[in-house]
Amino acid sequence: ARRRMEDARRREEMMFGVDCVEDVQTKPGREEWGGMFRDAINTIKDESNDVEKVVLAARTSIKCASPISGISILSKLDSLSRRGYYVYLRPPRSNSSFISVTPERLFKSDEEDGFFTESLAGTRPRGRTEEEDEEMERELRRSEKDKLENGITTDYIWEELKGLEERGIMRELQRVGKGVRKLGTVMHLVESMSGSITPSYGSALTSTLISTLHPTPAVCGRPRNDAMGIISELEKFDRGLYAGPLGIVSRDKGSEFVVGIRSAVVKDDVVYAYGGAGIVKGSKEEEEWKEIQGKIRAIREVWDVKSRFEFGKCRNNNEAWATGVIEELVRRGCDNFVISPGSRNTPLTLAVHNNERAKGYSVVDERSAGFLAIGIARRSGVPAVVITSSGTAVANLMPAVVEAHMTNTPVLIVTADRPEEMIGKGCNQAIFQNNIFGLYASSALSLPPPDAQTVLKDDLVDIGKVVDSAMDGGVGHINVGFRENLAPDSGEIRGGGGDFEVMDEKTFMSNLHPHWTTSSLPISQPSPPSYPPPPPSTLSAISSLLHSASNPIIVTGDFRSPSPPSFLSLSNLNIPIYSSILSGGAVRNHPNTVVFAEHSPLPPVDLVLQLGHPIISTKLVPALQNSTTHILVLPFGPEETIDPFSSVTHTVNCTIQDFLSNFLPPQPPQPPIDYNPQPLSTLVPSSVLSTSPHTLTEPQIMQSLAPYVHDLFISNSMPVRDADSFLYNAPNLGAVGVNRGASGIDGVLSSAVGFGTPADPDTPPLTAVIGDVALTHDIGGLKVLSESERPVVVILVNNDGGQIFNFLPIAKHGESVGFEEFWTTRTSGMDFSKIVSGFGVDHIKVDTYEDLVEEYSNAMSGQRSIVIEAIVPSDNVKAHRDIKKSLLPKPLPTKIQFSRSYNNASKTVLFLHGFMGSSADFDSTISHLKEILPDTRFISMTLPGHFSSDNRLSYDLESIATDVWAAVPHNIDEVVGYSMGGRVAMEMKRQHPYINVAVLGGATEIRKEVPSITIGDVDEFVDNWYSSAIWGGVKDRDCFDRMRKKRVASLKSVGNNVAERFLRESGNRKDYDLSPTDLYVAGELDEKYMRVLDAVPSTTAVVSNVGHAVLEEAPAEVAMILSSWLDLGDAVATPNSAVQMDHLSFQASSLDPEITETFVRANLVQRTAFTVKIGSTSGVFGVGEASPLNLLHPESAEDVEKALIQLSSSVSSATFSIPPEVLRFESGALTRAVDELGDRAGVDLCTLPSLRAALESAMLMLVGERDFVGMVTARNDGTLRNEVRYNRLISQVGSGFDGGRVVKVKVGGLVDVTRVDVIAERHDVVRLDANGQMEWEESVEFGKSIAQVDKIEYVEEPLKFLDDTELGTRVQALADWSELTGLEYALDESLAFGSLDEFERLEGCGAVILKPSLIGFEKSWRLGQQAKRLGLKVIVTSCFDGPVGLAHLTWFSALLDDGQGVHGLSTFDRYGEEILGGFVDDVLLVDDELSVVGAKKWLRKL
């Protein structure tokens, strides 16, 4: 309990602390309370009533300088060794709390242990000396007034208990004894009473005891009702919880209640402390008032703790400065100091030694010191401080600094340095220490040596900033120089030539706030935690994603928290949890956790919710990479990016506890699912033992720990992998630590010892598992181990060198590469028993599983540190492979049949049988098919669970489908499944959507409740099986005997257990969707599946006059149906790559422009293109291109560059949100997002069209998250073409290309009709572009002259209009032009002057030309949809964009394309290779096509 309270104090004191007092007021005041006392004593003396005692209270308001934490007050009282029951009560989301350190137990009851209560009344203050204290005790015992007060309370309680005895509730009542209970500030008379409880009185016992005993005369008076009336009349404040009953109620362990005295309510910056005094005959007003103040002082004494810093006691500047700094660090919660002895750091070491609240650890080896601090900090969550001397002592900390940085572990490094005049001059032990840790320190501070000009406050403020930085996660480094005298000597300076040190208290203490010397507050309040709870919108979005996902999983890693989070909010989610060993026992033992997941088949996954990082299992990597959605929840470090597999789609930057505490689980909750129905819990452990029965293996080590292990620290290399794979079923497993940041093997033992501190004496030993090579890297850790306050049981895995490198590909090359010499790292020449014993640590060696279990269990019940050296074979690889081999399912019996030779097979069809069938069930059907389809390969397979040698972990449909797919030696075109095999076929289609399936009577709907089927007698079961209505009376037909014999033989072959498991596990069905290209077949007499046939959208067929046994009764008819379907399959089967996905808002955190000079041929001037990159806080980027071309719009490169500078500055100062709705172009969200960004930066993007398009495309790419999968939701059919066709551009007539391509010819300057005719001869389709440059007469004349030229598709903008001409007027003129010339026109520039929504039809219009680079992507989308409504072609064209712009236009064209369009995207041929780079290789295809997939890949490379 003290440990938990201390953890809470550390967290809350970072925000609040115990502040200095600004104001104290007591209500009622002394005079007012005196009047209350006199009224009460007069009532007591009045013999006309029965009042014997009244308890009057007072409330003191303590106003602090800033908000204060109740848990901090309790912790301070605990540090003062104040006895009592500690109570802390804070409602959720409240800024107030109730605290109490009460000495008074109301009662304790238990049917086994009986009943206990006490009377606590009569008070004296504690003496200041031992003699005075003894005198106070004697005075208390002699006081008639106090004995009367205690007697009133005792008599009341005794009378009430006797009443309970008469009612049969209590028995054997007795008064146990009297005494004096001494507390921190007061002492009381006490008398105890006990008894036994009548068994089985029921749950009403607790409420009966409370209502009977409370309030006692000790806090109220007597008679109770009269006293309460007097209190209500005299006291003018609300007592609240003061003196109320507080306790614990247990269903089977009884209850215990206390009285809430010595208490306070803490609200914001005010503490309301309560105290009372019992008034009886003989009470004196002044003494009772002092008694109240003494009781209130039990709370107020927290502020009486003065600073331990007094300048006058310091003998030199070094001592004064170091004392002040250590005091400040302690006040900030950094009270663990790991010190490596040295000379230069003497002032700091002395300051730690002299500070009563500082805990010092002396570690000779600096590398061990750094890692010990990591262990302490990981467990406490507060920076541990490392103090070293100068020189290479500092450099030795580098491995620990790297590890702390990469795991966000808060560590503060304080290094003593030589003064600057000694650096760089060859002085002894003087190196450049400033910023020595570089990027691995989140903050670094260099301070000059303390002297007479030092101002302590200035240094403390700067140090506070470093501590705050470390609290955010990572390493803070403070480097300070020291001159002599280093020892606490005053006067003459050592080596100073007779000079004396000058100290200036006024300068040193200047500007220090008085509270620094009158309280325990730091110089400035620490910064609050930088991880605010996730907003409700984020949690709701994640909840929706989980709810809509088909196959979500939860993956847990290291939570980066000193205490495990609560997973209660996930308990009602039917989502399997794949827990890393780093998550600890809280998750490892969760009911939703998949045990031995490394050996369990992993189903297809579409969403991963990852809580914490890293994870250990490599098996989960494909799930992360292939899932549509990967959400990572983690308290990220400053500027930290976590995405090792480029799979993260969403990040939530908060603590795991905050996420889970506020998480909104999807509704409605589903019934619980057993995620471990397979016998892994028994199969894996038995396999671990059986595969190596005569030797001890590393997997067996983990199995031996399971029953006994509590807190655990594991070495990297193989131990952590073995623990992740095999350490399950460990009921007592607590916190787990691993140095997994850089995954090194140095400092493991030192970190383990730190991870085990602090601990109470009754805490079970920590277990540390470390390899032999790892121990050689931390021999100094044995010294740390020998001084550990908490026992540590070290399992030393001696496999002669940590053979993890045997897992590497280099191992197979053997001696040809010197593998034995340079990779095996053997330790066979080391005697660990002598090494360990040399440090005074016990050592024992074991080499069998039984011996290890015995020695480990003994060690865990002891109170001493010990190293158990476990001798294991060097080939751990073989042990792992043997275990995996024993768990693998047996090969599936497969029958492959060919109509002709192997190489001639044009199609492969897979056949899957029904329950308790075999591959032979399709023999007759395949025989007929071979005659009809001679060029087809037929594969018939026996399913898992249907042959005697099969022994597998799971028979669920996902696992079966996955195993079948992996077992087939050829690519599959179609799958035919009968009955249960049909369900497997549909599951295979779900996993591989491009295959077609034929289902011969199989369920397509989900089964919500799977019946528990018991086979029992096989013959009876089969007879009942075939009596079902689905068989259509098959028992009366000739084929039945043959069918029955086959099923009975099959069942007896595999055994009832396997068959029952198969029925149960494969029965957990999903809803399966069949497409029109699939086939569903049912027998006419099959009542069940004929109903399914009527509901499915696929092609269907009915087999006449048979029931479910279509293969047995009508194989020829089935073959005919299948042959017709298989012949059509190639024509209609198309893969469907559409994916739909919802998104959380992206927080964009950077906008970076890059300038690229591009030279465009075809008489265009030089252009400057800007590549714009927008980055999100989760590490995802989107890129776009701004290519200003003043031929199209008055937008200059200078304008774009200036705007980009403003935009970049705006984004770098504060993130902005991009909503997921930008992917749905109709919503207008993209326009709003760009406008908001421009408004925030003060940029009018309406005047910068290419920059606007660049921002739009970058945002779309960012929110579309690399794959742009969200963008397909903009299409109604949810599909996206993989290729886009483009037309060639001919700027000058006569420069066309040969071949049958679509070309576009610029004709704005009028062209000879014969030249157009020549172009048409060379190409299939000709498009003409007049660019709106022709007057009416010349345009009509030109149109008529070329009207007879075949292959002209349309003329873009054939007429010249005034700039302000509206679209309606233009369209009317163009319709007239079309009627006169007989040609169709296309709209391009005119689209800027109106909307197509106002038209029902456009006479003579053949197409609309969209330029997203000029009008934006969202407007282009809307115009495209309007054009489609009018039946017009939609053509996307570039504005001579560079490769980035062209790549975006490629996917956008595919999004708009109806499959017929040819787009104007050929301007890439105007650029040289120096501009295009890899664009040509990735995006260009043959036959004038661009690859959409290639465009996406190319953009990702940027």
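Procedures and definitions
- Residues numbered from 1 in each chain as written.
- Predicted model: local features only at pLDDT ≥ 70, side-chain atom pairs only at ≥ 80, totals over all residues.
- Heavy atoms only, no water.
- Helix = DSSP H or I, 4+ residues; strand = E, 2+ residues; numbered from the N terminus.
- Buried < 20%, exposed > 50% of the residue type's maximum accessible area, 1.4 Å probe, protein only.
- Areas by Shrake-Rupley, 256 points an atom, 1.4 Å probe, with all protein chains shown as cover.
- Patch = residues over 30% accessible without salt bridge, like charges linked within 9 Å, V, L, I, M, F, W, Y side chains within 5 Å.
- Salt bridge = Lys/Arg side-chain N within 4 Å of Asp/Glu carboxyl O.
- Core = buried A, V, L, I, M, F, W, Y, C linked by side-chain atoms within 4.5 Å.
- Contact = heavy atoms within 4.5 Å.
- Polar contact = N/O pair within 3.5 Å; in protein donor to acceptor, adjacent residues only side chain to side chain.
- Phe/Tyr/Trp six-rings, centres within 6.5 Å; stacked < 30°, edge-to-face > 60°.
- Lys NZ or Arg CZ within 6 Å of the ring centre and 35° of its normal.
- Lys, Arg positive; Asp, Glu negative; His and termini not counted.
- Charge placed at Lys NZ, Arg CZ, Asp CG, Glu CD.
- Pairing = 2+ DSSP bridges.
- Axes fitted to C-alpha atoms, helices over the stretch in contact; angles between N-to-C directions.
- Expected span 1.5 Å × (residues − 1).
- Arc of directions from axis to C-beta.
- Right-handed = clockwise from strand over helix to strand, strands pointing away.
- pLDDT = per-residue confidence, 0-100.
- Left-handed = near helix turned anticlockwise from the far one by under 90°.
- Nonpolar A, V, L, I, M, F, W, Y, C, P; charged D, E, K, R; others polar.

### Thoughts on the overall build of the protein chain
Argument step 1. Each helix and strand in the protein chain was counted, giving 51 helices and 52 strands.
Argument step 2. For the protein chain, the proportion of its 1502 residues judged to be buried stands at 57%.
Argument step 3. As displayed, the protein chain offers around 61500 Å² of accessible surface, 49% of which is attributable to carbon and sulfur atoms.

### Some thoughts on a nonpolar patch on the surface
Argument step 1. Taken together, the side chains of Met406, Leu439 and Tyr440 present a nonpolar region at the surface, about 320 Å² in accessible area.
Argument step 2. Mapped onto the secondary structure, Leu439 falls in the loop between strand 17 (411-417) and strand 18 (443-447).
Argument step 3. Relative accessible area serves as the criterion here: at 78%, Leu439 is assigned to the exposed category.

### Quick look at the nonpolar core
Argument step 1. Ranked by size, the top nonpolar core spans 97 residues in total, and within it Leu1251, Leu1396 and Leu1402 carry the most contacts.
Argument step 2. Per element, the largest residue contribution to this core is ten residues, and it comes from helix 42 (residues 1249-1264).
Argument step 3. Sequence-distant contacts of Leu1402, that is, excluding residues within four places in its chain, are made with Val1371, Tyr1385, Leu1387, Leu1396, Leu1430 and Leu1432.
Argument step 4. Counting residues in each nonpolar core, the second largest holds 50 residues, with Val595, Met702, Leu727 and Val797 among its members.

### Thoughts on the pattern of salt bridges
Argument step 1. One pass over the structure, following the stated rule, counts 63 salt bridges.
Argument step 2. Salt-bridge contacts for Glu285 lead to Arg30; the nearest nitrogen and oxygen are separated by 2.8 Å. Taken together, the residues span a long stretch of sequence, with Glu285 in helix 8 (residues 285-300) and Arg30 in helix 2 (residues 30-45) at a distance of 255 residues.
Argument step 3. When salt bridges with common partners are traced through the structure, they connect Lys53, Arg124, Glu139, Lys145, Asp146, Glu149 and Glu288 into a single cluster.

### A few points about the side chain of Thr415
Argument step 1. Mapping Thr415 onto the fold places it in strand 17.
Argument step 2. Here His477 takes part through its side chain, which lies 2.8 Å from a polar atom of the side chain of Thr415.
Argument step 3. Separated by 2.6 Å, the side chains of Thr415 and Asn479 make a polar contact.
Argument step 4. Discounting residues that sit within four places of it in the chain, Thr415 has contacts with Thr388, Val394, Gln433, His477, Ile478, Asn479 and Val480.

### Quick look at the packing of aromatic side chains
Argument step 1. Scanning the entire structure with this criterion turns up 21 aromatic pairs.
Argument step 2. Here Tyr1026 and Trp1031 contribute two aromatic rings whose centre-to-centre distance is 4.7 Å and whose plane-to-plane angle is 65 degrees, an arrangement assigned as edge-to-face. Note on accessibility: Tyr1026 and Trp1031 belong to one class, buried.
Argument step 3. Members of the aromatic cluster, joined through ring pairs, are Trp33, Phe37 and Trp289.
Argument step 4. Geometry around Phe755 places Arg379 over its ring, the cationic atom sitting 5.0 Å from the centre.
Argument step 5. The ring centre of Tyr728 lies 3.8 Å from the NZ or CZ of Arg588, which sits over that ring.

### Things to note about a negative patch on the surface
Argument step 1. A grouping of Asp847, Glu850, Asp851 and Glu854 is seen on the molecular surface, where their side chains present a negatively charged patch.
Argument step 2. Along the chain, Glu854 falls in helix 29 (residues 849-860).
Argument step 3. Glu854 gets classed as partly exposed once you look at its relative accessible area, which sits at 45%.

### Points about the sheet that holds strand 27 (residues 766-771)
Argument step 1. Spatial strand order, 26-25-27-28-30-29: six strands in an open sheet with parallel pairing. Sheet topology places strand 26 (736-738) and strand 29 (842-846) at the edges, where each strand pairs with a single neighbour. In this sheet, neighbouring strand axes are inclined to one another by 20 degrees on average, regardless of whether the strands run parallel or antiparallel.
Argument step 2. As paired strands, strand 28 (residues 792-798) and strand 30 (residues 866-871) are joined by six bridges and run parallel to one another. Considered in strand 30, the bridge of Val797 is made with Ala870.

### Quick word on helix 2
Argument step 1. Counted at 1.5 Å a residue, the expected span for helix 2 with its 16 residues is 22 Å, and the 22 Å between its end C-alpha atoms agrees.
Argument step 2. Those residues of helix 2 that fall on the buried side of the exposure criterion are Trp33, Gly34, Met36, Phe37, Ala40, Ile41 and Ile44. Axial view of helix 2: buried residues confined to an arc of 160 degrees, hence all on one face.
Argument step 3. In this structure, the buried residues of helix 2 make contact with strand 2 (53-64), helix 7 (224-234), strand 13 (270-279) and helix 8.

### Describing helix 14 (residues 456-471)
Argument step 1. Helix length check: helix 14, at 16 residues, gives a terminal C-alpha distance of 22 Å against a target of 22 Å (1.5 Å per residue), a fit within 8%.
Argument step 2. Three or more residues of helix 14 are buried, namely Leu456, Asp459, Leu460, Ile463, Gly464, Val466, Val467, Asp468, Ser469 and Ala470.
Argument step 3. Of the residues trailing helix 14, Gly473 is marked for its positive phi of about 115 degrees.

### Structural notes on the pairing of strand 32 (residues 907-912)
Strand residues, when the strand is regular, have side chains that alternate between the two faces of the sheet.
Argument step 1. Most of strand 32 is tucked away, with six of its six residues classed as buried.
Argument step 2. Judged by which residues are buried, strand 32 turns out to be covered on both faces: Lys907, Val909 and Phe911 on one side and Thr908, Leu910 and Leu912 on the other are all buried.
Argument step 3. Taken together, strand 32, helix 31 (residues 923-932) and strand 33 (residues 936-941) form a β-α-β motif whose crossover is right-handed.
Argument step 4. Bridging between strand 32 and strand 34 (residues 974-978) involves four bridges; their strand directions are parallel. Bridge pairing in strand 34 places Leu912 opposite Gly977.

### So, the confidence of the model for the protein chain
Atom-level detail of predicted coordinates should not be read off regions where pLDDT is low.
Argument step 1. When the pLDDT values of the protein chain are averaged, the result is 81; 83% of them are 70 or greater.
Argument step 2. In this model residues 1156-1165 is a low-confidence stretch, pLDDT under 50, and it forms 32 contacts with partners more than four residues away in sequence or in other chains.
Argument step 3. Within the model, the stretch residues 1292-1298 combines pLDDT values under 50 with 19 contacts to residues more than four positions away or in other chains.

### With respect to the packing of helix 44 (residues 1336-1346) against helix 45 (residues 1367-1381)
Argument step 1. Close contact between helix 44 and helix 45 brings their axes to 9 Å; oriented N to C, the two are set at 35 degrees. Of the two elements, helix 44 crosses helix 45, and the hand of that crossing is right-handed. Residues Trp1336, Ser1339, Val1340, Gly1343 and Lys1344 of helix 44 form the contact with helix 45, whose own contacting residues are Ala1373, Asp1376, Trp1377, Leu1380 and Thr1381.
Argument step 2. Split by residue class, the contact of helix 44 with helix 45 holds five nonpolar, three polar and two charged.

### Looking at unusual backbone geometry
The phi angle of most residues is negative, glycine excepted, and most peptide bonds adopt the trans form.
Argument step 1. Residue Pro28 is reached from Lys27 by a cis peptide bond, and omega for that bond is 0 degrees.
Argument step 2. Following the sequence through the fold, Pro28 ends up in the loop between strand 1 (21-27) and helix 2.
Argument step 3. For the peptide bond that leads from Glu484 to Asn485, omega is 10 degrees, which places it in the cis range.
Argument step 4. Among the structural elements, Asn485 can be located in the loop between strand 19 (475-481) and helix 15 (505-508).
Argument step 5. Even without a glycine there, the phi angle at Phe596 is positive, about 50 degrees.
Argument step 6. With respect to the element layout, Phe596 can be found in the loop between helix 18 (585-588) and strand 22 (607-611).

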